[in-house]
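So you can see what is in the structure, the chains are spelled out below.
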Amino acid sequence: MSYLPKVPDTAGWVPKDWQKDMQKAFRRLEPLLDFLHLNPKDAPYALALDTAFPILVSESFASAMRKGDWLDPLLLQIVPLAAEKNSSAGFNDDAVGDLPAQIIPGLLHKYASRALLMVSPHCAIHCRYCFRREFPYADLPHSQKAWEPAWEYLRRDKSINEIVFSGGDPLFLDNRQVQSLLDTAMAIPNIQTLRFHTRLPIVLPSRMDVQLLELFKAAASVKSLIIVIHANHANEINTQVARALGELRSNGALLLNQTVLLKGVNDHADTLIALSHRLIQQGVLPYYLHQLDRVTGTAHFEVAEKRGLEIIEEMRAKLPGYLIPKYVREEAGQAYKSPLY
Ligand SMILES: *Cc1c(COP(=O)(O)O)cnc(C)c1O
Ligand code: SF4
């Protein structure tokens, strides 16, 4: 008897070429609005047509949006608004203190026992509320040689037993690069757990191709493999996504989800309850519900903490404990993500 739901039938899982899928992503607003049957003249909010953080959304994610609905919770995550240009007190470019925590280029060591490597500057989607939207990615190491000091740090500091691969999105690297990361990490005796923070299973399920799954399977037979996905709304988990998650699980990964609490997207208990249910159907446990990081240009997404606490209270009244994410806020300089209840 398995205590997890049945893995969906993935016989014949042959994802197409993910890099080709990426080429087809929407990089301009007009074709996306066309695809969604929306006329910019009818927009209920002021759009921003020129932003330094350009629009980017995969076809797969866009096809899970409701046609003709300006308030679709997936659309609201990626549509650039004029409101991003408003400056707000308390919002700045490095809200979570990543820059002082970057003690070696590409490596953040903020918390005891685990360190985070920013291995890719790229994502398959540009979330408008991104906590690293202002991060100076251009300064990250660009060659194997440039990464060596970070690896050396991980080999030397025996208190670190877990590596978190992040970015950007670490699975935006190609399979050869992922293999090189895994090989290097697995050769470090003090590292017990390999963790990926990635939105690609949600945004570009075709990235979970057969070669990548084989790499994960091999890694999971030697170390603990944890994949933390990022979904904010149940609608993000379409059939393809569900199959990709099933493949990750059956190849040995433990799956967790993190969500950002976002105004207009998921700031209702019913919405987050539906998400928790949808996740567990695919064998994914809710991990964190993040209070928005106060990064420049994201103030219009902020939900008051008081409201967040009400939502959690309502979830508690209706769900088993394992379906309730930890509601946390990241504070620069703190030893862990601060629990809000
Ligand atoms: C969030 C984060 C982690 C992981 O923290 P957990 O509480 O273990 O999930 C690690 N390093 C950095 C820099 C982080 O921001
Ligand atoms: S997937 Fe994550 S890192 Fe990439 S844009 Fe979205 S929030 Fe930022």
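Shown above is the structure to which this text applies.
As the structure is a computational prediction, the values presented were derived from the model and not from experiment. (Residues numbered from 1 in each chain as written. Chains lettered and ligands numbered in written order. Predicted model: local features only at pLDDT ≥ 70, side-chain atom pairs only at ≥ 80, totals over all residues. Heavy atoms only, no water.)

> Could you clarify how one ought to interpret the site of ligand 2 in this entry?
Residues in contact with ligand 2, as listed here, are Cys123, Ile125, Cys127, Cys130, Arg199 and His230. Along the lines of polarity and charge, the residues of the shell around ligand 2 split into 4 nonpolar, 1 polar and 1 charged. (Near = heavy atom within 4 Å. Nonpolar A, V, L, I, M, F, W, Y, C, P; charged D, E, K, R; others polar.)

> Sorry, what's going on with the site of ligand 1 here?
Around ligand 1 lies a shell formed by Leu108, Lys110, Tyr111, Arg114, Leu116, Arg195, Tyr287, Tyr288, Glu330 and Lys337. In the environment of ligand 1, an oxygen atom lies 2.6 Å from a nitrogen or oxygen atom belonging to the side chain of Tyr288. Coverage of ligand 1 by the protein amounts to 94% of the 380 Å² it exposes when considered alone. Mapped by element, the contributors of at least two residues to the shell around ligand 1 are β2 (107-111), β3 (114-120) and β8 (285-290). Tallying contributions element by element places β2 first for the shell around ligand 1, with 3 residues. The class makeup of the residues in the shell around ligand 1 is 5 nonpolar, no polar and 5 charged. (Polar contact = N/O pair within 3.5 Å; in protein donor to acceptor, adjacent residues only side chain to side chain. Areas by Shrake-Rupley, 256 points an atom, 1.4 Å probe, with all protein chains shown as cover. Helix = DSSP H or I, 4+ residues; strand = E, 2+ residues; numbered from the N terminus.)

> Explain the nonpolar core to me, please; I cannot follow it from the model alone.
As a rule of thumb, nonpolar side chains are buried together in soluble globular proteins. Membership of the largest hydrophobic core comes to 97 residues, with the highest contact counts inside it found for Leu117, Trp151 and Phe165. Sorting elements by how many residues they give to this core places helix α11 (residues 269-281) first, with 6 residues. In this structure, Trp151 is in contact with Leu117, Ile163, Phe165, Leu181, Thr184, Ala185 and Ile188, ignoring residues within four places of it in sequence. Among the nonpolar cores identified, the runner-up in size contains 7 residues, and Leu108, Leu116, Tyr137 and Leu140 belong to it. (Core = buried A, V, L, I, M, F, W, Y, C linked by side-chain atoms within 4.5 Å. Buried < 20%, exposed > 50% of the residue type's maximum accessible area, 1.4 Å probe, protein only. Contact = heavy atoms within 4.5 Å.)

> Help me out: how do you make sense of helix α10 (residues 239-250) in this one?
In an α-helix there are 3.6 residues to a turn, and that puts residues three or four apart on one side. With 12 residues, α10 should reach 16 Å at 1.5 Å per residue; the first-to-last C-alpha distance of 17 Å fits that figure. Buried residues of α10: Val241, Ala242, Ala244, Leu245, Gly246, Glu247, Leu248 and Arg249, and no others. Buried residues belonging to α10 abut α8 (200-203), α9 (210-220), β6 (224-230), β7 (254-260) and α11. Among the residues trailing α10, Gly252 stands out with phi positive, at a value near 105°. (Expected span 1.5 Å × (residues − 1).)

> Explanation requested: the sheet that holds β7 in the structure shown.
The strands that make up a sheet pair up through hydrogen bonds in the backbone, lying either parallel or antiparallel. Within the open sheet, the 10 strands sit side by side as β1-β2-β3-β4-β5-β6-β7-β8-β9-β10. Their pairing is mixed. Looking at which strands have only one partner, the edges of the open sheet turn out to be β1 (102-104) and β10 (338-339). For β7 and β8, the ladder comprises 5 bridges, and the chain directions are parallel. From the neighbouring strand, Thr259 faces β8, where its bridge partner is Leu289. Along the sheet, helix α7 (residues 175-186) makes contact with β3, β4 (162-167) and β5 (193-197), crossing β5 at roughly 150°. (Pairing = 2+ DSSP bridges. Axes fitted to C-alpha atoms, helices over the stretch in contact; angles between N-to-C directions.)

Without other data, these values stay purely geometric and don't point to any function.
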